[in-house]
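# Structure assessment
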Amino acid sequence: MNSRFVPDERLAAAAPLAQPTAAIVTASYAPDFERCRLLCETIDRFVVNAAHHYILVEDRDAPLFRALESKNRTVVRESDLLPRWLRPFNDPLSYFRRRIWLSLRTKPLRGWHVQQLRRIAIARHVREAILVYCDSDVAFLKPFDCHAFWRGGMVRLFRRDDGVESALSNQKTWSANAARALGIARPTVSPHDYIATLISWRRETVDAMCRHIEAIHEKHWVEAVASQRQFSECMLYGRYVDEVIGGAGHFHGAEEFCRIQWFPTQHSNSDVEVRALIAEMTPEQVAIGMQSFIGTDVDRIRRLLEAA
């Protein structure tokens, strides 16, 4: 394992670096391996001022993803991040095709829940000051400097003002559950939307958020957050920064650096769809993201990106 990853969280609390460093964090799983490979290729080609790239996976997927490791890229196993009492199993209700995470302390969880928990947990194990979260179904098309997430000692917090009303219906539930986890009495639902990919968090603030949750609920933060199945790590962090610590150490940015295709279209899995997504990119956008469940062929994406 690359020495950049520090399982002992006491080592992660070493003296702060003279200059802020950024690490890209990607949570993935075996069905997205080829998409993650494409992400790694485009990061290596286009992204600068990222000190390291951490890929967070379930233990059984780690041998597959080790093929992507390099001096600047480390695969991190779930068991090095999350409590041992949260365990994955093959789910008999899906004829053992899907995985389910069970414990006596949380609701039954799916992979997308646990990926969120990994993204939070990594903060206690690395030294980089800024964590840049990038999904494994993202690919860069243009040069990008991670210094964009740093301004005068503050880290960029993505926030779409008054965006929850026009967003997905369950985002109100995610916001309300974030308030419960953080001990926020009012408002129950924030009007702001914090959900996107290619966003940044401050590592020390993530750690402080976890300690805050543990102090309120007198239990491990994973147990407190996952006591409800409808949660969002982005909502949790955004509401903590804005409403618990009053925005300290952060500045807001509403521009999305990645153009995302959230849902299938009539042209799904076609050249038309990928070309349209690229054509719709705004000047500040440097990457595209096509949700893996849409099913767009990775080789198709790679070919069209090379031609773009």
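Structure shown above.
Overview of the structure. (Residues numbered from 1 in each chain as written. Predicted model: local features only at pLDDT ≥ 70, side-chain atom pairs only at ≥ 80, totals over all residues. Heavy atoms only, no water.)

### As for the overall build of the protein
When helices and strands are tallied, the protein shows ten helices and 15 strands. The buried share of the protein, taken over its 308 residues, is 53%. Across the protein, the fraction of contacts at a sequence separation of at least 24, relative to all contacts at a separation of at least 6, is 76%. Summing over all exposed atoms, the protein offers an accessible surface of approximately 14,200 Å²; the carbon and sulfur share of this is 51%. (Helix = DSSP H or I, 4+ residues; strand = E, 2+ residues; numbered from the N terminus. Buried < 20%, exposed > 50% of the residue type's maximum accessible area, 1.4 Å probe, protein only. Contact = heavy atoms within 4.5 Å. Areas by Shrake-Rupley, 256 points an atom, 1.4 Å probe, with all protein chains shown as cover.)

### Here's the deal with the sheet that holds strand β3 (residues 52-57)
In any sheet, the strands associate via hydrogen bonds between backbone groups, in a parallel or an antiparallel arrangement. Taken in spatial order, the five strands of this open sheet run β4-β3-β1-β7-β12, and their pairing is mixed. Strands with a single pairing partner mark the edges of an open sheet, and in this sheet they are β4 (73-77) and β12 (199-202). Strand-to-strand twist in this sheet, taken as the mean axis angle between neighbours without regard to direction, amounts to 30 degrees. The pairing of β3 with β4 spans five bridges and is classified as parallel. Directly across from V57, in β4, lies its bridge partner R77. Taken strand by strand, helix α2 (residues 33-46) contacts β1 (22-27), β3 and β4, and its axis lies near 170 degrees from that of β3. (Pairing = 2+ DSSP bridges. Axes fitted to C-alpha atoms, helices over the stretch in contact; angles between N-to-C directions.)

### Concerning the packing of aromatic side chains
Under the defined criterion, the tally for this structure stands at seven aromatic pairs. Both rings, one in Y133 and one in W201, keep their centres 4.5 Å apart while their planes meet at 50 degrees; by these two values the pair is tilted. Residue Y133 is found in strand β7 (residues 130-133), and its partner W201 is found in strand β12; the two are separated by 68 residues along the sequence. For the pair shown, Y133 and W201 are each scored as buried. (Phe/Tyr/Trp six-rings, centres within 6.5 Å; stacked < 30°, edge-to-face > 60°.)

### Details of the environment of I245
Considering the arrangement of structural elements, one finds I245 in the loop between α8 (233-244) and β13 (250-253). Spatially, the C-alpha atoms of I245 and T205 are 9.3 Å apart, while their sequence positions differ by 40 residues. Leaving out residues up to four positions away in the same chain, I245 has contacts with T205 and Y240.

### Section: the pattern of salt bridges
All told, the structure shown has 26 salt bridges when counted by the stated rule. Across the pair E58 and R99 runs a salt bridge, and its minimum N-O distance is 2.2 Å. In this pair, E58 is assigned in the loop between β3 and α3 (62-65) and R99 in strand β6 (residues 99-102), connecting sequence segments 41 residues apart. A relative accessible area of 5% means that E58 is categorised as buried. A salt bridge links R159 to D161; its shortest N-O distance comes to 2.6 Å. (Salt bridge = Lys/Arg side-chain N within 4 Å of Asp/Glu carboxyl O.)

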